[in-house]
Amino acid sequence: MRVALYQYAPRFGEVARNLDQVEAALLGAGADADLWILPELFSTGYNFADRDEARSLAEEVEGETWDRVRKWAQRLDCAIAYGFAERDRDVLYNSGAIVDRSGTRLHYRKLHLFDRERLFFEAGNRKLEVIEIAGARCGMMICFDWRFPETARSLGFLGADLIVHPSNLVLPWCPDAMITRALENNVYVATVDRWGIEDRAGQKLRFIGRSQVISPAGARLAALGEAEDGWIVVDIDPAVARQKQVNSNNHLYRDRRPDFYVDGPVDG
Ligand code: ACM
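A short tour of the structure in this document, coming up. (Residues numbered from 1 in each chain as written. Predicted model: local features only at pLDDT ≥ 70, side-chain atom pairs only at ≥ 80, totals over all residues. Heavy atoms only, no water.)

1. Comments concerning the overall build of the protein
What counts, and what does not: The way it works is that DSSP assigns letters per residue, a run of H or I at least four long becomes a helix, a run of E at least two long becomes a strand, and they are numbered from the N terminus. Every radius of gyration here is taken over C-alpha atoms, with the globule rule written as 2.2 Å times N^0.38, N being the number of residues. The buried label applies to any residue whose accessible area, calculated with a 1.4 Å probe on protein chains only, is under 20% of its type's maximum; exposed applies above 50%, and partly exposed to all values in between. Two residues qualify as a contact provided that any one of their heavy atoms is within 4.5 Å of a heavy atom in the partner residue. For accessible areas, the Shrake-Rupley method is used with a probe of radius 1.4 Å. Any residue's cover is judged against the shown protein chains and nothing else. All tallies of charge rest on Lys and Arg as positive and Asp and Glu as negative; His and the ends of each chain are not included. The location of each charge is read from NZ of Lys, CZ of Arg, CG of Asp or CD of Glu.
For the protein, the helix and strand inventory stands at seven helices and 16 strands. Here the protein has a C-alpha radius of gyration of 18 Å; the compact-globule value for 268 residues is 18 Å, and the two agree. By its C-alpha atoms, the protein is 55 × 50 × 35 Å across when sized along the principal axes. A buried classification covers 54% of the 268 residues belonging to the protein. Residue pairs at least 24 apart in sequence account for 68% of intrachain contacts in the protein once pairs closer than 6 positions are excluded. For the protein, the accessible area works out to roughly 12,000 Å², and carbon and sulfur atoms hold 46% of it. Taking the average place of the 34 positive charges on the side chains of the protein and the average place of its 41 negative ones, the gap between the two points comes to 2 Å.

2. As for the packing of aromatic side chains
Geometrically, a pair of aromatic rings is defined through the distance of the ring centres and the angle of the planes. The line we're drawing: Aromatic contacts are taken between Phe, Tyr and Trp rings whose centres are within 6.5 Å, Trp giving its six-membered ring; a plane angle under 30 degrees counts as stacked, one over 60 as edge-to-face, and the others as tilted. Two conditions define a charge sitting above a ring: the NZ of Lys or the CZ of Arg must be within 6 Å of the ring centre, and it must be within 35 degrees of the ring normal.
The full count for this structure, using the stated rule, is twelve aromatic pairs. Summarising the aromatic geometry, the rings of F120 and F121 are spaced 6.2 Å apart at their centres and angled 90 degrees between planes, so their arrangement reads as edge-to-face. When sorted by exposure, F120 lands in the same class as F121, which is buried. Taking NZ or CZ as reference, R109 lies 3.9 Å from the ring centre of Y93, over its face.

3. So, the pairing of strand β7 (residues 136–140)
Going by this rule: Here, strands pair whenever DSSP counts at least two bridges between them.
With four of five residues buried, β7 is to be regarded as a mostly interior element. Looking at chain direction, strand β6 (residues 130–133) and β7 are connected through four bridges and run antiparallel. Residue E132 lies in a different strand from β7, and its bridge partner there is R137. In this structure, the hairpin formed by β6 and β7 is closed by a connection of two residues, where A134 is found at a positive phi of approximately 50 degrees.

4. What about the packing of helix α5 (residues 149–157) against helix α6 (residues 174–185)?
Basically, it comes down to this: To get an axis, fit a line to the C-alpha atoms, keeping to the stretch in contact for a helix; angles then go from 0 to 180 degrees between the N-to-C directions. Should the near helix be turned anticlockwise from the far one by less than a right angle, the crossing is termed left-handed; should it be turned clockwise, right-handed. When residues are grouped by polarity, Ala, Val, Leu, Ile, Met, Phe, Trp, Tyr, Cys and Pro land in nonpolar, Asp, Glu, Lys and Arg in charged, and all others, Gly among them, in polar.
One way to put it is that α5 packs onto α6 with a least axis distance of 9 Å and a crossing angle of 35 degrees. The handedness of the crossing between α5 and α6 comes out as right-handed. Residues P149, A152, R153 and G156 of α5 touch α6, and the partners they reach there are R181, E184 and N185. Split by residue class, the contact of α5 with α6 holds two nonpolar, two polar and three charged.

5. Focus: the layout of surface pockets
For clarity, the threshold we go by: Cavities and pockets are found on a 1 Å grid laid over the protein atoms alone: a cavity is a set of points where a 1.4 Å probe fits but cannot escape, a pocket is an open set with protein on both sides within 12 Å along at least five of seven lines, and a lining residue has an atom within 4 Å of such a point. Grid points are joined across faces, edges and corners, and a volume is the space filled by probe spheres set on the points.
Taken as a whole, the largest pocket spans an internal volume of roughly 330 Å³. Lining the largest pocket are P149, E150, R153, F157, E184, N185, R256, Y261, V262 and D263. Those elements giving two or more residues to the lining of the largest pocket turn out to be α5 and α6. Ranked by residues supplied to the lining of the largest pocket, first place goes to α5 with four residues.

6. Some points on unusual backbone geometry
Of note in the backbone geometry, D32 takes a positive phi value of approximately 50 degrees without being a glycine. Summarising the element assignment, D32 is placed in the loop between α1 (15–29) and β2 (35–37). On the basis of relative accessibility, which here comes to 64%, the residue D32 falls in the exposed class. In the Ramachandran plot, D77 falls in the positive-phi region, its phi being about 50 degrees despite a non-glycine side chain. Here D77 lies in the loop between α3 (64–76) and β3 (79–88). Classification of D77 as exposed rests on a relative accessible area of 54%.

7. A word on the pairing of strand β10 (residues 195–200)
Of the strand pairs in this sheet, β10 and strand β11 (residues 203–208) are connected by six bridges, and their pairing is antiparallel. The residue bridging I197 from the neighbouring strand is R206, located in β11.

8. Brief notes about the environment of I37
Here I37 is to be found in strand β2. On the basis of relative accessible area, I37 is assigned to the buried category, the value being 0%. Setting aside residues no more than four positions away along its own chain, I37 makes contact with V3, A4, L5, Y6, A81, V164, P166, A190 and V192.

Here is the structure:
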């Protein structure tokens, strides 16, 4: 299964321009990918001034952005994963979808909202899910979900070979932390970030780029820089991710000791 990642610097609120840039990149790349992955909130930008602004840029799951992405998926005969601002009646979510020529294959709402996202979005309320693309089982989490290892663990338990991770990273630790998430679960992880600065409503955010694909053995198979547009293409071998036997005596999941683990802080 071939996965391709596209990193760029969307301009806040310039949805048409951002979509045009991504379209030109994907259609021009010649990547022959089974799955393209785009960043979190890839067409709108991230740093909303307030909820009204987020609402004005949010769309229903199968809205205009979805329509455009689906056309790319049809042209390229592939699946495309991306993050978007979702409006469901009056409620907003920081969401992701995987779309192919048949339509929406997966719909996820970010479970762990970061910082000011709480002012605009509700925390996700959909179960984590894994779908098959070109023989590889793929599950999605979004950006700050990385800080909660239960998210990647749950996707591992659900049988994911590849964790698809659209992001808008502002903290520097994620690229290294994802090596651990990959090792903990013996899965591939593709973190797809954006770069650039958004200085809006008194909040200046710098996004760290460094999109990457990590192997189940924790190797950084490919990565982009801190401030560059570009794509990377990596071949994924699902059989490698399904080998949870660490050595002849240890199995990553069967050796767990859940009877001795605690489920949360003991003193509240
Ligand atoms: C983040 O979750 N976008 C930092």
